[in-house]
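# Analysis of the macromolecular model
The residues making up each chain are set out below.
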Amino acid sequence: CSGNAATSGTDESKTSDAQSTGDSTAKSDVVAGFVYIGKINDGGYTQAHDAGRLAVEAMGVKTFYVEDVPETVADTKEAIQTLIDEGCNLIYTNSFGFMEGTDQMAKEHPNVKFAHCSGYMREDNMSTYFGKVYQARYLAGIVAGMKTKKNYIGYVAAKGIPEVIRGINAFTLGVQSVNPDAKVEVVFTDTWYDPTVEKQAALELLNKGVDIIAQHQDTTAPQVAAEEKGAYCPTSDAAPKAYLTAACFDWKTFYTDDVKKAMDGTWTSRAYWEGLAANMTYLDKLTDLCAEGTQEKVDAAQKAIIDGTLEPFTGPLYDQEGNKKVDDGVKMTDEEIWNMNWFVKGVTGTIPA
């Protein structure tokens, strides 16, 4: 199902016509709609969101979704309108590029509640939501820093936006916390979902000699490339011979909470951004491929992040050119982290304009 066809969550045929879940399963006046950038079986980002939708459906709420939606204002609005036509009164859009279209539709439909993932535009009837996955990426960096033999790690990244930049920085700081000599080289693909382009970017890094491939992409292609080249990946279990761990979202944490608020009448527009402490993000179980002693290092750092004694973005922090960006002992604020637009020392690569 793609384009402007909305599909019911309980319809297994995935036909192009909109389907109804049926009143027999609905226990709420809330009807939730989801606009997805990828496919629900992509094995990555969109599938993780869809697990959250299924958790909402298990609450007795009728759900619809539109998958594989291009990140244009027109396509976003068309997908949202399809969901509204199906009766959806609570709509989630799951990619940064959907922000402006979602905001426009929120203004045009004040009686519909909206929430946009990873953006910054809000209205009285439009929230933003995301997870502090940079915390889990910091932990993944520890895993990578312990494992690398060459002190040379590759990172395949989608877009030069703060969401991606802070993840690269946190990962690099995690690496440096256990291996100060290691470097992280970044290649940007300018796409969220293109297996061919992503795999080629990974191969470019692998051919330069990296022995670990991290990523911020929606497909598993970089991990497959790592496995084929005998390298390792701290980002996806799609390549079992290479898999170390992964920084993950648990989207049901937000979706079920937000839907409950809509059901009991307490829903308000908000900027939701939670991390390890709320189980909005987590680090997957470490595999046996990890270096000896990694679990202990990860456990200690995770405990410190959760209890507030460790904030990965605490000074002194320097940019790529060696300029001090954060003074000794100073913790960056959530706003500063959210809007991060510079690479920390130890990252090789240029942020695209």
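Structural data are supplied above this passage.
A brief look at the structure comes next. Model, not experiment: these values are computed from the prediction. (Residues numbered from 1 in each chain as written. Predicted model: local features only at pLDDT ≥ 70, side-chain atom pairs only at ≥ 80, totals over all residues. Heavy atoms only, no water.)

Turning to the environment of Phe-188, a few remarks are in order. Assignment of secondary structure puts Phe-188 in strand β8 (residues 183–188). Once the C-alpha coordinates of Phe-188 and Asp-307 are considered, the two residues, 119 residues apart in sequence, prove to be 34 Å apart. Those residues in contact with Phe-188 that lie beyond four places of it in its chain are Ala-157, Ala-158, Lys-159, Gly-160, Val-164, Ile-168, Phe-343, Thr-350, Ile-351 and Pro-352. (Helix = DSSP H or I, 4+ residues; strand = E, 2+ residues; numbered from the N terminus. Contact = heavy atoms within 4.5 Å.)

Moving on, we come to the side chain of Gln-135. Looking at the element boundaries, Gln-135 is found in helix α4 (residues 133–147). Other than its neighbours up to four places away in sequence, Gln-135 contacts Gly-275, Leu-276 and Ile-305.

Reading across from one edge, β9-β7-β8-β15 is the order of the four strands in this open sheet, with parallel pairing throughout. Each edge of the open sheet carries a strand with a single partner, namely β9 (212–216) and β15 (347–348). Here α4 sits on the sheet in contact with β7 (152–157) and β9, set at roughly 165° to β9. Of the strands in this sheet, β7, β8, β9 and β15 are in contact with helix α5 (residues 162–178), which crosses β7 at around 165°. (Pairing = 2+ DSSP bridges. Axes fitted to C-alpha atoms, helices over the stretch in contact; angles between N-to-C directions.)

Next up on the list: the nonpolar core. If you look at the biggest cluster of nonpolar residues, it comprises 89 residues, and the most contacted ones within it are Tyr-92, Phe-114, Tyr-129, Leu-139, Phe-171, Trp-251 and Phe-313. With nine residues, α4 is the largest single contributor of residues to this core. Not counting residues within four places of it along the chain, the set of residues in contact with Tyr-129 comprises His-49, Tyr-92, Thr-93, Asn-94, Ala-115, His-116, Cys-117, Ser-118, Trp-251, Phe-254, Tyr-255 and Tyr-272. Of all hydrophobic cores here, the second largest spans 16 residues; its members include Ile-213, Ala-225, Ala-239 and Ala-242. (Core = buried A, V, L, I, M, F, W, Y, C linked by side-chain atoms within 4.5 Å. Buried < 20%, exposed > 50% of the residue type's maximum accessible area, 1.4 Å probe, protein only.)

When you tally the buried positions in strand β3 (residues 62–66), you get five out of five residues, the bulk of the element. Residues Lys-62, Phe-64 and Val-66 line one face of β3 and the alternating positions Thr-63 and Tyr-65 line the opposite face, and both faces are buried. Across five bridges, the pairing between strand β2 (residues 31–35) and β3 is parallel. Along β3, the bridge assignment pairs Gly-33 with Phe-64. For the handedness criterion, the β-α-β arrangement of β2, helix α1 (residues 45–57) and β3 is classed as right-handed. (Right-handed = clockwise from strand over helix to strand, strands pointing away.)

Spatial relationships are all this shows, so hold off on functional conclusions.
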